[in-house]
Amino acid sequence: MKNILIFLSIVCLLGVGACSEEDALIAEYDNRYSNYLPNESATDEISMLRRQFYEQEKSYLLFTDTIQYKPLGVDRYGTMQYFVETIDIEYNVGSSSSSVYTYSYEYLTSVEEKKAAAAFMKEFLLSHLSSTLRPYSWFVTKNITQSNFMGDSNPEIVTGERCFAIAVGDGIAEYTDAEKEALGMKILQSAVGVILSKKESEMEPFFAVCDGSYEQYFDSDYTEEGNMESLLQAGFLCKGLFWNVYEAFGLYPNKSRDLNSYTSLLLGTPEEEVIVKYSNYPLVMEKYYILKDLIEKVGYIY
């Protein structure tokens, strides 16, 4: 019995010693954010521009959709393998649906273009967006091509959970201030609508006006004029989308499309013109003034 007790005591002491000699737990450093910044050792003009942009604006600036390109080693055939991560522009956390679109991009190539694009963003986009409205990152391109089975289009902006891609066109360095302002407002009209749609609690008063009608069908005479009259009477400015692709008669829009249409109206049309055009549609005017009040409260700067 004495020998057994001695043996158990030795085992316990060894266990305590082993525990004390283990390395201290060290928290892993999550460096995913660094993929959106240039390498710390990079001193070229564009790397310095992107770092300065983040420091000043608190949004990352990208000129390519590739955010990771790391060597993995040589395979059995002697070919170097790489880990490549690109931006999935329409990725959203928790989304169960996949996009019906594919995207390709024409990059800005010259230093002059990239500097001009960054200056354009600061003056004509970010000057209107407080920190609470800014996306995680901006991917600035010359051109975006959006493709599906119906063909191609070239939007000025495509938005996602962690990145907004915008197209500034060819010759951004030569644009006049008037041209920059027009492009900036066109991008803002889409961007702000998307940003606001994610602020569900703040936007509740706006959506409450037409609660119960979103994505519902209604009787339509299947003419553009008659269908739009029905939409306006119900408080909507645009048609709904069938299969989220085709504009459809007799279908109210979803919340996102509704909000985008009102954001475009609010930011792109003088109030006097809105009153003249929509004064006979009380629900439209009610939603317009609700959004006008809300948009400033959540951080839009006129």
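Per-residue confidence for the protein chain averages 87 on the pLDDT scale, and 86% of its residues sit at or above 70. Taken as a whole, residues 1-14 scores under 50 in pLDDT and shows zero contacts with residues more than four places along the chain or in a different chain. Between residues 16-30, whose pLDDT stays under 50, and residues either more than four places distant or in other chains, the model counts zero contacts.

Turning to helix H3 (residues 111-124), a few remarks are in order. With 14 residues, H3 should cover 20 Å at 1.5 Å per step; its first-to-last C-alpha distance of 20 Å lies within 8% of that length. When H3 is considered as a whole, its buried residues turn out to be Glu 113, Lys 114, Ala 116, Ala 117, Ala 118, Phe 120, Met 121 and Phe 124. Elements in contact with the buried residues of H3: helix H2 (45-57), strand S1 (60-62), strand S5 (137-141), strand S9 (164-167) and helix H4 (177-197).

Another aspect to go through is the packing of aromatic side chains. Across all of its chains, the model carries 21 aromatic pairs by this definition. Arranged with centres 5.1 Å apart and planes meeting at 80 degrees, the rings of Tyr 300 and Tyr 302 form a pair that is edge-to-face. Linked through ring pairs, Phe 206, Phe 207, Tyr 214, Phe 218, Phe 236, Tyr 252 and Tyr 262 together constitute an aromatic cluster. When the ring centre of Phe 207 is taken as reference, the NZ or CZ atom of Lys 255 above it lies at 5.2 Å.

A few words on the sheet that holds strand S7 (residues 151-153). Pairing is antiparallel in the open sheet, where three strands are placed in the order S4-S6-S7. Across the chains shown, the open sheet's two edge strands, defined by having one partner strand only, are strand S4 (102-106) and S7. Sheet twist, expressed as the average angle between the axes of neighbouring strands with direction ignored, equals 25 degrees. Sheet analysis places strand S6 (residues 143-148) next to S7, joined by three bridges and oriented antiparallel. When the sheet's bridge partners are listed, Gln 146 is paired in S7 with Ser 153.

About the thresholds
Per chain, residue numbering runs from 1 following the sequence as it is written. Local features in this predicted model are restricted to residues whose pLDDT is 70 or higher, and side-chain atom pairs enter the listing and the counts only when it is 80 or higher, whereas totals over whole chains, interfaces and linings include all residues. By convention in this description, side-chain values take in all heavy atoms of the structure and omit both hydrogens and water. The quantity called pLDDT is the predictor's confidence in a given residue, expressed from 0 to 100. What makes two residues a contact is simply this: any of their non-hydrogen atoms within 4.5 Å. We count a stretch as a helix when DSSP gives it H or I for four or more residues in a row; a strand needs E for two or more, and each element gets its number in order from the N terminus. A helix is expected to span 1.5 Å for every residue after the first. Each residue gets one of three labels from its accessible area relative to the maximum for its type: buried under 20%, exposed over 50%, partly exposed in between, using a 1.4 Å probe on protein chains only. A pair of aromatic rings is counted whenever rings of Phe, Tyr or Trp (Trp by its six-membered ring) have centres within 6.5 Å, and the orientation is called stacked for planes under 30 degrees apart, edge-to-face for over 60 and tilted otherwise. Geometrically, a lysine NZ or arginine CZ counts as sitting over a ring once it is within 6 Å of the ring centre and also within 35 degrees of the ring normal. A pair of strands is treated as paired once DSSP finds two or more bridges between them. Convention adopted: a line fitted to C-alpha atoms gives each axis, helices being fitted over their contacting stretch, and angles between N-to-C directions are expressed from 0 to 180 degrees.

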